[in-house]
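Architecture and fold: a report
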Amino acid sequence: MAFPWAHPSLTVAVNDASIAAMKRLSLVGLLLVSLVALSSCKSVMYSAYEKVGVYKRDLLKKRVVAARDEEKEAQQEFKDALTRLKELSSFDGGELEKRYRQLQSDYDDAASRVEAVHKRVQDVETVAADLFAEWEKENQQIETASLRDVSRQQLTDTRRHYNEMITALKKSEQSMDPVLRKFHDYVLALKHTLNAQAIAALAGESTKIQADIARLIDEMNASIARADEFIQQMPK
């Protein structure tokens, strides 16, 4: 509201503040609506699965299998990139443009797989959080002390195995992006200096990247092994 005695600049400031406040309220409202919609969608999904005998523990197992398989695919892409880098390091003439394009393709494939791994890890964490929340709630509803204790112990064991698995998985996942960025930098540097002298000049960086990829592959092996263990420990 503008008052006749108010200075024009004060009126503008008040109006701007009101607009800003309304925008903030709108954003908060939109966020709440989105959260409610997301929660509703998850509830519908879980309900549909349960109608066909697939429960959250089954979904968690499926999501871990999917994450493990995606990580294996990403690992293979990094192995291919490592092989290509080693080949390029010993380059002694030929079609350098072709070698660059192959390396660019290796980077693109690895980047795509890494993005897929991120999505799979999020899927695992979402279902795990929902499963453990439900388990905690239902455990408190068990009135028979001995049965409640058994359920509590199963929950504790499952959560411990899950934490070991997700820790290894996220360690591997979080190592992928830094390696990928270095690989991308190398590919870009190579693109702008396509000659034998450039390859020699980049040899030091190539060696570092190869070492980073080798370490990442080891971490991925450990993560995949943890996932396999968790899958075996889950109910059939």
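Further up the page is the structure itself.
From a predicted model like this one, the values you see are computed outputs, not experimental measurements.

Our next topic: the environment of E134. Mapped onto the fold, E134 is located in helix α3 (residues 96-141). In sequence terms E134 and K56 are 78 residues apart; their C-alpha atoms lie 9.0 Å from each other. Among all residues touching E134, those that are not within four sequence positions of it are E50 and K56.

Structurally, L88 can be placed in helix α2 (residues 56-89). Look at L88 and you get buried, because its relative accessible area is 3%. Residues L88 and A203, 115 residues apart in the sequence, show an inter-C-alpha distance of 9.3 Å. The residues contacting L88, other than those within four sequence positions of it, are L96, R99, L103, Y186, L190 and I199.

Turning next to the pattern of salt bridges. This structure, assessed with the given rule, holds 21 salt bridges. The partner of R120 in a salt bridge is E70, with the nearest N and O atoms 3.8 Å apart. Of the two residues, R120 is situated in helix α3 and E70 in helix α2; the sequence distance between them amounts to 50 residues. Residues E73 and R113 are paired through a salt bridge, measuring 3.7 Å at the closest nitrogen-oxygen approach. Here R113 lies in helix α3 and E73 lies in helix α2, a separation of 40 residues in the sequence. Exposure remark for E73: the relative accessible area of 38% places this residue in the partly exposed category. With relative accessibility at 28%, the residue R113 sits in the partly exposed group.

About the cut-offs
Residues numbered from 1 in each chain as written. Predicted model: local features only at pLDDT ≥ 70, side-chain atom pairs only at ≥ 80, totals over all residues. Heavy atoms only, no water. Helix = DSSP H or I, 4+ residues; strand = E, 2+ residues; numbered from the N terminus. Contact = heavy atoms within 4.5 Å. Buried < 20%, exposed > 50% of the residue type's maximum accessible area, 1.4 Å probe, protein only. Salt bridge = Lys/Arg side-chain N within 4 Å of Asp/Glu carboxyl O.

Any link to function would need more than the numbers given here.
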